[in-house]
Every structure is written in C-alpha cells, then in structure tokens.
Amino acid sequence: MPVGPSGACQDAGPLSGYDVRMQRLLISIAVTLLLVVSIAVGVAVARWPHLWR
C-alpha cells in the first residue's frame, strides 16, 4: 500500500467495528474493576474500622 501525501492520514476517519468493540470492552473492564475495588474498600472499612482510625 503506497503512502503518499494523500494517503498519509487515511486512518483519521471513523473507527472500524473492531476498534469500537475493543474500546467498549476496555471501558467496561475498567468500570467493572473500579466498581469491584470500591465495593471491596467499602466492605473493608465497614468490617475493620480500626484500619483507618
């Protein structure tokens, strides 16, 4: 595939379906991890209050 002045910014268009799916997957993993960590911290604070006093 030749890369000239006209084809240099060819990837600047809309994302492909694979990229959108990967982005959604990574965002959902990040949100899930954040939720799990926040719940774990809440449980730890509720069960063991001497850890933060």
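Refer to the structure presented above.
Quick look at the structure, then. (Residues numbered from 1 in each chain as written. Predicted model: local features only at pLDDT ≥ 70, side-chain atom pairs only at ≥ 80, totals over all residues. Heavy atoms only, no water.)

A short note on the overall build of the protein chain
As a reminder, the rule being used: Here a helix means four or more residues in a row that DSSP labels H or I, a strand means two or more in a row labelled E, and each is numbered from the N terminus. Type-normalised accessible area, obtained with a 1.4 Å probe on protein chains alone, sets the label of each residue: buried when under 20%, exposed when over 50%, and partly exposed for intermediate values. Under the convention used here, a 1.4 Å probe and the Shrake-Rupley method define accessible areas, while residue burial counts only the protein chains that appear.
When helices and strands are counted, the protein chain shows one helix and zero strands. Within the protein chain, the fraction of its 53 residues that count as buried is 0%. If you sum the accessible surface of the protein chain, you get close to 5000 Å²; carbon and sulfur atoms cover 70% of it.

Things to note about a nonpolar patch on the surface
Applied cut-off: For patches, a residue must show more than 30% relative accessible area and have no salt bridge; joins then use 9 Å for like charges and 5 Å for nonpolar side chains, namely Val, Leu, Ile, Met, Phe, Trp and Tyr. Salt bridge, as used here, is a side-chain nitrogen of Lys or Arg placed within 4 Å of a carboxyl oxygen of Asp or Glu.
Together, Tyr18, Met22, Leu25, Leu26, Ile29 and Leu33 make up a nonpolar patch on the protein surface, roughly 580 Å² of accessible area in all. Its place among the elements puts Leu25 in helix 1 (residues 17-47).

Some thoughts on the environment of Thr32
Threshold: Polar contact is defined as a pair of N or O atoms within 3.5 Å, subject to the rule that within protein one atom must be able to donate a hydrogen and the other to accept it, and that residues adjacent in sequence are counted only when both atoms are side-chain atoms.
Tracing the chain through its elements places Thr32 in helix 1. With relative accessibility at 45%, the residue Thr32 sits in the partly exposed group. There is a polar contact of 2.7 Å between the side chain of Thr32 and the backbone oxygen of Ser28.

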